[in-house]
Amino acid sequence: MPSTKVTDDMVKNICSRTPNSSFCLDVLESDLRVPESLLGLAQFTIDLAHTNATETIKLIQSLIKQTKNPQLKQRYTLCSQNYDIAIGDLDQAKTDFSSRDYGGVNVETTGVLNEIRDCEGRFEGPPADPSRLPKRNKDLENICSIILVISNIMSQ
């Protein structure tokens, strides 16, 4: 199954099983680097999640330095810790993937989702987060949902 050629129908099936199918289709259909095998597609999405998380933690670190609001500074600092853990989970997901432990990929990706949601939850009360962080969180959440679907298919 992992070396199965990825077809348009397979991409549509994967995306239909994610919470945001249009985001998934945008990611998997519009990027010329998307590989042709399910194995390559899994690697691509894990790498994409890692890149997103790495860029997001850089954003958070700059927000910590720039914000004058002490409440936002504290929330960004806590989110930075969430993203440190999330990046560690993604590193482990890469290791699990290399070992063909697709169940492990699923567990680590779920850990990433939990960290993102913890970060998002820090901003439920005022003051609102005026930065791009909420969108970055949502994007990573959507990428992780793609990884979960693919890792579930590969585990069968």
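For the structure, see preceding data.
Here the structure is a predicted model, which is why all the values come from computation and not from measurement.

**Concerning the overall build of the protein chain**
Phase 1 of the analysis: Across its full length, the protein chain carries six helices and zero strands.
Phase 2 of the analysis: If you list the helices and strands of the protein chain from N to C, you get α-α-α-α-α-α.
Phase 3 of the analysis: Taken against the 2.2 N^0.38 rule, which gives 15 Å for 156 residues, the C-alpha radius of gyration of the protein chain at 16 Å falls within 12% of a compact globule.
Phase 4 of the analysis: Seen through its principal axes, the protein chain has C-alpha atoms that stretch 50 × 30 × 25 Å.
Phase 5 of the analysis: For the protein chain, with 156 residues in total, the buried portion stands at 50%.
Phase 6 of the analysis: Partitioning the intrachain contacts of the protein chain with sequence separation of at least 6 by distance along the chain shows that 72% fall at a separation of at least 24.
Phase 7 of the analysis: When the accessible surface of the protein chain is summed, it comes to about 7,900 Å², and 51% of that surface belongs to carbon and sulfur atoms.
Phase 8 of the analysis: On the protein chain, the mean spot of the 17 positive side-chain charges and the mean spot of the 21 negative ones are 6 Å from each other.

About the thresholds
- Residues numbered from 1 in each chain as written.
- Predicted model: local features only at pLDDT ≥ 70, side-chain atom pairs only at ≥ 80, totals over all residues.
- Heavy atoms only, no water.
- Helix = DSSP H or I, 4+ residues; strand = E, 2+ residues; numbered from the N terminus.
- Rg over C-alpha atoms; globule rule 2.2 N^0.38 Å.
- Buried < 20%, exposed > 50% of the residue type's maximum accessible area, 1.4 Å probe, protein only.
- Contact = heavy atoms within 4.5 Å.
- Areas by Shrake-Rupley, 256 points an atom, 1.4 Å probe, with all protein chains shown as cover.
- Lys, Arg positive; Asp, Glu negative; His and termini not counted.
- Charge placed at Lys NZ, Arg CZ, Asp CG, Glu CD.

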